[in-house]
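So you can see what is in the structure, the chains are spelled out below.
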Amino acid sequence: MTSKTLYLTRAQLLAELGRCLNCKTQPCMNACPVNCNPREFINKAKDGDFSGAVEAITRYNPMGQTCGLICPDKFCMHACTRSIIDFPINIPRVQATILEKYRTCESAAHSKHPFNGKKIAVIGAGPAGIAATSELVKLGYKITLYEGFEKIGGALNLIPENRLPFSVIDKDWSFINDPEMIEMHLNTIINNPVSLLNEGYSGVIIATGEPDSIDLGVEGEEYALSYFDYLRHPEQYKTKGNVAVIGGGAVAVDCALTAINNGADYVEMFIRRRISDMRVTNEERKSLLDAGIDLTSMTKIKKIGKDGEFITLYTCKNHFNQEKLEEIPDTTIARPGFSLIIRAIGSSAPRQNDSDVIIYAGDCKHGGSTIVEALASGREAAARLNSRLSG
Ligand SMILES: Cc1cc2nc3c(=O)[nH]c(=O)nc-3n(C[C@H](O)[C@H](O)[C@H](O)COP(=O)(O)OP(=O)(O)OC[C@H]3O[C@@H](n4cnc5c(N)ncnc54)[C@H](O)[C@@H]3O)c2cc1C
Ligand code: SF4
């Protein structure tokens, strides 16, 4: 999808608004981790009150436009009653389009308390850290936001620009950023969060994500590039040759599509389980088909070898034995001729427990999730810290 098609046209927007059945039970809102209320913003937009629609979206969601472009279809859209008649309303795109076309400082303004005398440090400027910051500022806290990377957004920066331009993350942030209440330190890694309590902060929120890409645990691991390194600097790994992507989730899909955009002649994904088990959206499935990416399912990587400039994958087949995935003996084959192998089988971070005024949020607490779940976790951490600090 090119950036031109990221948003609905006015005619498409009106058509989507007109399809809403105005359900009393609001299943879409109940399915949204941040309790965004599609029925409310759709009704306001239908009445021509776009300012009210913007206010309704941003009330609980500080990154509403970014969510509108990348929220998976398993939340509000999955719950949409309209799918019983034909197909669900494209709620995320409606949300993104309303914010892109109608958001102004006035429409996105929410009530804020004056400075309450307390300072909080937030570590990590991904969705969870941003949501915690936005929530705490509304409650009157001054925030110092420490981010190890050169820009905000966290793992969102690994999403290809044609799916999520950085300007959209920046736009959401521009409506949260209040220089009087938020001090930002980019390129600053905090190794000892507890020490911040001796520097005048009343509490610390840690939202550092899951930075460690999981290893395959096989011989020749060093010949496979991690998804993190690949997606952070795809321009450094341009190749016309054959590319293998190991993994079958949304991150692996982004790697495979990026490899095609990077000039690869042929891209093959190696997936441990069945194609029907892939945890990807319908849109992602369609993109794989459109790009002509080969999917090799029920396959385990046994070893990786290097032969001159090419890399060989040694794979064997899996099968289900009473629902347990098992390797089928004597099925190992060599798959030579790859120029690049990318490993995208997940990420991890050591789990930590909250202490009194040090609270974890987002993927570093709950494991790899989605933007809207990380936002919900950041808001919840902010509310918990506030209740502890206000006794
Ligand atoms: C390739 C890819 C595609 C994705 N696609 C989607 C999608 O389509 N839809 C969706 O909903 N979700 C998607 N996700 C998942 C989503 O991006 C994450 O769930 C979300 O970003 C997690 O937010 P977070 O704030 O918990 O952590 P992160 O976004 O990982 O942010 C953590 C931040 O903390 C910083 N940090 C870490 N340690 C320190 C330290 N010691 N000091 C200072 N800063 C530190 C990091 O630099 C980072 O900026 C995708 C993820 C990836 C990797
Ligand atoms: S934030 Fe995401 S899940 Fe929630 S209503 Fe908006 S698009 Fe749907």
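**Student:** It is not clear to me how the overall build of the chain should be interpreted in this structure. Could you clarify?
**Tutor:** Across its full length, the chain holds 14 helices and 15 strands. In terms of C-alpha radius of gyration, the chain reaches 23 Å, essentially the compact-globule figure of 21 Å for 391 residues. Counting the 391 residues in the chain, one finds 49% classified as buried. Counting only contacts in the chain whose residues sit at least 6 apart along the sequence, the fraction spanning at least 24 positions is 72%. Carbon and sulfur atoms make up 50% of the accessible area of the chain, which amounts to about 18400 Å² in all. Charged side chains of the chain number 43 positive and 46 negative; the gap between the two group centres comes to 5 Å.

**Student:** It is not clear to me how the site of ligand 1 should be interpreted in this structure. Could you clarify?
**Tutor:** As a matter of local geometry, ligand 1 sits amid 32 residues, with I70, E147, A155, R163 and D363 nearest to it. R163 places a polar side-chain atom, nitrogen or oxygen, 2.8 Å from an oxygen atom of ligand 1. Measuring from a nitrogen atom of ligand 1, one finds a backbone N or O atom of I190 at 3.0 Å. Against a free-state accessible area of 1000 Å², the protein chains account for coverage of 88% of ligand 1. Counted by class, the shell around ligand 1 contains 18 nonpolar, 10 polar and 4 charged residues. When residues of the shell around ligand 1 are assigned to domains, at least three fall in each of domain 2 (119-211 + 349-389) and domain 3 (214-346).

**Student:** Sorry, what's going on with the domain arrangement of the chain here?
**Tutor:** The parts lose accessible area when they come together, and the size of an interface is often stated as this lost area. Partitioning the chain into structural domains gives domain 1 (3-102), domain 2 (119-211 + 349-389) and domain 3 (214-346). Computed from C-alpha coordinates alone, the two centres of domain 1 and domain 3 are separated by 34 Å.

**Student:** What is the right way to look at the environment of P350 in this model?
**Tutor:** Relative to the helices and strands, P350 is located in the loop between β14 (347-348) and β15 (358-360). For P350 and G126, which are 224 residues apart along the polypeptide, the C-alpha to C-alpha distance reads 18 Å. Those residues in contact with P350 that sit more than four places away from it in its chain are D212 and C364.

**Student:** Would you mind showing me how to read the state of the cysteines here?
**Tutor:** Covalently bonding the sulfur atom of one cysteine to the sulfur atom of another cysteine gives a disulfide. For the coordinates displayed, the defined rule picks out 0 disulfides. Between C20, a free cysteine, and C23, which holds the nearest cysteine sulfur, the sulfur-to-sulfur gap is 6.4 Å.

**Student:** It is not clear to me how the sheet that holds β15 should be interpreted in this structure. Could you clarify?
**Tutor:** Paired through their backbone hydrogen bonds, the strands of a sheet run either parallel or antiparallel. Strand order across the open sheet formed by 5 strands is β3-β2-β1-β4-β15, with parallel pairing between neighbours. The sheet terminates laterally at β3 (182-185) and β15, the two strands that pair on one side only. Adjacent strand axes in the sheet meet at a mean angle of 15 degrees when their direction is disregarded. When strand β4 (residues 203-206) meets β15, the two strands line up parallel, connected through 3 bridges. Bridging across to β15, V204 finds its partner in I358.

**Student:** Is there a simple way to explain the nonpolar core in this structure?
**Tutor:** Inside soluble globular proteins, nonpolar side chains tend to come together where they are buried. F41, V94 and I98 are the most contacted members of the largest nonpolar core, which totals 70 residues. Viewed by domain, this core spans two of them, domain 1 (3-102) and domain 2 (119-211 + 349-389), each represented by three or more residues. Those residues in contact with F41 that sit more than four places away from it in its chain are C36, A53, A56, I57, I91, V94, Q95 and I98. Within the second largest apolar cluster, 23 residues are counted, among which are V243, A259, V267 and I293.

**Student:** What should I look at first to understand the environment of I152 in this one?
**Tutor:** Within the secondary structure, I152 is located in the loop between β2 (142-146) and α9 (166-176). In sequence terms I152 and E100 are 52 residues apart; their C-alpha atoms lie 20 Å from each other. Among residues more than four places away in sequence, those in contact with I152 are A125, I130, N157, F166, I169, W173, M184 and L186.

**Student:** Any chance you could explain the packing of helix α3 (residues 38-46) against helix α4 (residues 50-60) here in plain terms?
**Tutor:** Between two packed helices, what matters for the description is the angle formed by their axes and the separation of those axes. Running from amino to carboxyl end, α3 crosses α4 at an angle of 165 degrees, the nearest separation of the two axes being 7 Å. Compared by their axis directions, α3 and α4 come out roughly antiparallel. Considering how the two elements wind past one another, α3 and α4 form a crossing that is left-handed. Residue-level inspection shows E40, F41, K44 and A45 of α3 in contact with α4, the latter providing F50, G52, A53, A56, I57 and R59. Looking at side-chain class alone, the contact of α3 with α4 contains 6 nonpolar, 1 polar and 3 charged residues.

**Student:** What should I look at first to understand the pattern of salt bridges in this one?
**Tutor:** When the charged atoms of two side chains with opposite charge come close together, those side chains can pair. Applying the stated criterion to the full structure yields 25 salt bridges. The shortest N-O distance in the salt bridge between R163 and D254 comes to 2.7 Å. Residue R163 is located in the loop between β2 and α9, and its partner D254 is located in helix α11 (residues 250-261); the two are separated by 91 residues in the primary sequence. According to the relative accessible area criterion, D254 is buried, its value standing at 7%. Note that E268 is salt-bridged to R335, the shortest N-O span being 2.7 Å. With E268 in strand β8 (residues 266-270) and R335 in strand β13 (residues 333-343), the pair connects residues that are 67 residues apart, well separated along the chain. Residue classification places R335 among the partly exposed positions, given a relative accessible area of 23%. Taken together, the salt bridges that share partners define one network made up of E16, R19, R82 and D86.

**Student:** Would you mind showing me how to read the packing of aromatic side chains here?
**Tutor:** Centre distance and the angle of the planes are the two values used to describe a pair of aromatic rings. Counted according to the given criterion, the structure contains 4 aromatic pairs. Taking the centre distance of 6.1 Å and the plane angle of 50 degrees together, the rings of Y230 and Y237 count as tilted. When the ring centre of Y201 is taken as origin, the NZ or CZ atom of K119, which lies over that ring, is 4.9 Å away.

**Student:** Sorry, what's going on with the packing of α3 against helix α7 (residues 91-102) here?
**Tutor:** Where α3 contacts α7, the axes come no closer than 11 Å and their chain directions differ by 55 degrees. In terms of their interaxial angle, α3 and α7 are classed as oblique. Considering how the two elements wind past one another, α3 and α7 form a crossing that is left-handed. Where α3 approaches α7, its residues P38, F41, I42 and A45 are matched on the opposing element by I91, V94, Q95 and I98. Looking at the contact of α3 with α7 residue by residue, the class counts come to 7 nonpolar, 1 polar and no charged.

Definitions and limits used
Residues numbered from 1 in each chain as written. Chains lettered and ligands numbered in written order. Predicted model: local features only at pLDDT ≥ 70, side-chain atom pairs only at ≥ 80, totals over all residues. Heavy atoms only, no water. Helix = DSSP H or I, 4+ residues; strand = E, 2+ residues; numbered from the N terminus. Rg over C-alpha atoms; globule rule 2.2 N^0.38 Å. Buried < 20%, exposed > 50% of the residue type's maximum accessible area, 1.4 Å probe, protein only. Contact = heavy atoms within 4.5 Å. Areas by Shrake-Rupley, 256 points an atom, 1.4 Å probe, with all protein chains shown as cover. Lys, Arg positive; Asp, Glu negative; His and termini not counted. Charge placed at Lys NZ, Arg CZ, Asp CG, Glu CD. Near = heavy atom within 4 Å. Polar contact = N/O pair within 3.5 Å; in protein donor to acceptor, adjacent residues only side chain to side chain. Nonpolar A, V, L, I, M, F, W, Y, C, P; charged D, E, K, R; others polar. Domains from an automatic or database assignment. Disulfide = S-S within 2.5 Å. Pairing = 2+ DSSP bridges. Axes fitted to C-alpha atoms, helices over the stretch in contact; angles between N-to-C directions. Core = buried A, V, L, I, M, F, W, Y, C linked by side-chain atoms within 4.5 Å. Parallel < 35°, antiparallel > 145°, perpendicular 65-115°, else oblique. Left-handed = near helix turned anticlockwise from the far one by under 90°. Salt bridge = Lys/Arg side-chain N within 4 Å of Asp/Glu carboxyl O. Phe/Tyr/Trp six-rings, centres within 6.5 Å; stacked < 30°, edge-to-face > 60°. Lys NZ or Arg CZ within 6 Å of the ring centre and 35° of its normal.

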